[in-house]
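Secondary and tertiary structure notes
One letter stands for each residue in the lines below.
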Amino acid sequence: MDTNLPFVKICCIASREEAQLAVAAGADALGLVSHMPSGPGVIADEAIADIAAYAARHLPQRIRTYLLTSRQTAAGIAAQHAVCKTTTLQLVDEVAPGELLALRRLLPGVQLVQVIHVQSDESVRAAQALAPLVDQLLLDSGNPNLPVKALGGTGRTHDWALSARIVAQAGIPVLLAGGLNAANARAAFDAVQPHGLDICSGVRSNAARGSVLDAQKLAAFMQVVKT
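Presented here is a report on the structure given in the accompanying data block. (Residues numbered from 1 in each chain as written. Predicted model: local features only at pLDDT ≥ 70, side-chain atom pairs only at ≥ 80, totals over all residues. Heavy atoms only, no water.)

1. Comments concerning the environment of Cys11
Worth spelling out the cut-off: Numbering of helices and strands starts at the N terminus; helices are DSSP runs of H or I of at least 4 residues and strands are runs of E of at least 2. Any pair of residues with heavy atoms lying within 4.5 Å of one another is described as a contacting pair.
Locating Cys11 in the fold gives a position in the loop between strand E1 (7-10) and helix H1 (16-25). Each C-alpha atom, one on Cys11 and one on Tyr66, is 8.5 Å from the other, the two residues being 55 residues apart in sequence. Sequence-distant contacts of Cys11, that is, excluding residues within four places in its chain, are made with Gly31, Val33, Leu68, Asp198, Ile199, Cys200 and Arg204.

2. Quick word on the sheet that holds strand E6 (residues 136-140)
Under the convention used in this document: Should DSSP find at least two bridges between two strands, the strands are taken to pair. Angular values range over 0 to 180 degrees, each being the angle between N-to-C directions of two axes fitted as lines to C-alpha atoms, with helices fitted over their stretch in contact.
Read around the closed barrel, the 8 strands follow the order E1-E2-E3-E4-E5-E6-E7-E8; overall the barrel is parallel. Averaged over all adjacent pairs, the angle separating strand axes in this sheet is 25°, with direction ignored. In this sheet, strand E4 (residues 88-91) lies alongside strand E3 (residues 64-69) in parallel orientation, the contact comprising 4 bridges. Its bridge partner lying in E4, Thr69 is registered against Leu91. In this fold helix H3 (residues 74-84) packs onto E3 and E4, with an angle of close to 135° to the strand it touches most, E3.

3. Quick notes on the pairing of strand E8 (residues 196-199)
Heads up, the condition is: Each residue gets one of three labels from its accessible area relative to the maximum for its type: buried under 20%, exposed over 50%, partly exposed in between, using a 1.4 Å probe on protein chains only. Here the term right-handed applies to a crossover when the path leading from its first strand over the helix to its second strand runs clockwise, the strands being oriented away from the viewer.
The side-chain alternation of E8 yields two buried faces, one formed by Gly196 and Asp198 and the other by Leu197 and Ile199. Bridging between E1 and E8 involves 4 bridges; their strand directions are parallel. Across the sheet, residue Ile10 finds its bridge partner in E8, namely Ile199. With 2 bridges connecting them, strand E7 (residues 174-176) and E8 associate as parallel partners. Bridge pairing in E8 links Leu176 to Leu197. Once the chain exits E7 it traverses helix H7 (residues 185-192) before rejoining the sheet at E8, and the crossover so formed is right-handed.

4. Some points on the state of the cysteines
As a reminder of what qualifies: Cysteine sulfur pairs qualify as disulfides if the two atoms are within 2.5 Å.
By the definition in use, this model includes 1 disulfide. Disulfide pairing is shown between Cys12 and Cys200; the S-S distance is 2.0 Å. Across the S-S bond linking Cys12 and Cys200, the dihedral sits near -110°, which makes this disulfide left-handed. Within this pair, whereas Cys12 is found in the loop between E1 and H1, its partner Cys200 is found in the loop between E8 and strand E9 (204-207), the two being separated by 188 residues in sequence. Each member of the pair, Cys12 together with Cys200, is buried. Not part of a disulfide, Cys11 finds its nearest cysteine sulfur in Cys12, a span of 4.4 Å.

5. Regarding helix H4 (residues 97-106)
Just so we agree on the cut-off: Note: the arc covers the axis-to-C-beta directions of the helix.
Restricting attention to buried positions, one finds in H4 the residues Leu100, Ala102 and Leu103. The buried residues of H4 occupy one face: seen down the axis, they fall within an arc of 165°. On its buried face, H4 sits against H3, E4, strand E5 (111-117) and helix H5 (121-130).

6. Here we look at helix H2 (residues 45-58)
What sets the pattern is the α-helix's 3.6 residues per turn: residues three or four places apart point alike. The line we're drawing: What a helix should span is 1.5 Å times the count of its residues minus one.
Over its 14 residues, H2 runs 20 Å from end to end, which matches the ideal 20 Å to within 8%, given 1.5 Å per residue. Three or more residues of H2 are buried, namely Asp45, Ile48, Ala49, Ile51, Ala52, Tyr54 and Ala55. Among the structural elements, H1, strand E2 (29-33), E3 and H3 are those in contact with the buried residues of H2.

7. Focus: the pattern of salt bridges
Rules: Definition used for salt bridges: Asp or Glu carboxyl oxygen within 4 Å of a side-chain nitrogen of Lys or Arg.
Within this structure, the stated rule accounts for 10 salt bridges. The salt bridge involving Asp93 is made with Lys149; its shortest N-O contact spans 2.7 Å. Residue Asp93 is found in the loop between E4 and H4, and its partner Lys149 is found in the loop between E6 and helix H6 (160-170); the two are separated by 56 residues along the sequence. Among the residues examined, Asp93 registers a relative accessible area of 6% and is labelled buried. Here Arg186 and Asp190 are joined by a salt bridge, their closest N and O atoms 3.0 Å apart.

Shown next as structure tokens:
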């Protein structure tokens with residue numbers, strides 16, 4: 001991968017075939033969504049384990065697999081990882097600093113990514129406090145304060161000025177998510193200057209049996225971000 005180009009994570013991957021399609025288009029990482037209170041892309045832990053194992057055996061070594069988990073305790077997250085065995089854990093809900101430290105001890109070789117749902121100045125402060133405890137931050141447009149938590153996959157953008165402040169202060173790689181597509185990816189990247197971009201709904205289409213990774217939308221998005 002050209003290190004001058006944005007890192008790209010294609011999320012909501014649902015099968016080996018979608019994993020192959022994403023990587024062939026130029027993706028650097030695959031997002032695998034486990035049980036969530038709401039939102040798209042959820043697959044069983046056993047399916048996540050199958051895709052992660054397939055990626056490790058058959059896809060380029062650089063490809064990272066992200067388990068999106070809504071669990072909030074180190075023991076619970078580690079137990080889920082024991083089944084799924086991804087390279088990376090994406091923590092989509094709030095995980096207390098003590099639990100993050102415990103998770104480091106339990107899984108020292110696994111990358112930790114904390115999601116920050118960007119809503120206000122408080123999000124900037126939370127990102128600054130958590131950055132020393134994880135390997136990456138991911139900035140999304142969810143709302144964990146709703147009666148049914150929205151922890152991703154909203155298809156909505158957020159205030160990129162807040163995200164730019166987080167990137168400037170974090171000191172670690174930051175991925176930008178939330179409502180991205182081929183039409184706004186360049187503007188988002190220019191405004192925020194993240195390490196990379198994370199996309200789900202912007203490269204998917206509805207089919208008779210549900211949402212599917214759309215080769216044309218994927219190619220259009222990658223054309224924007226990889227050139």
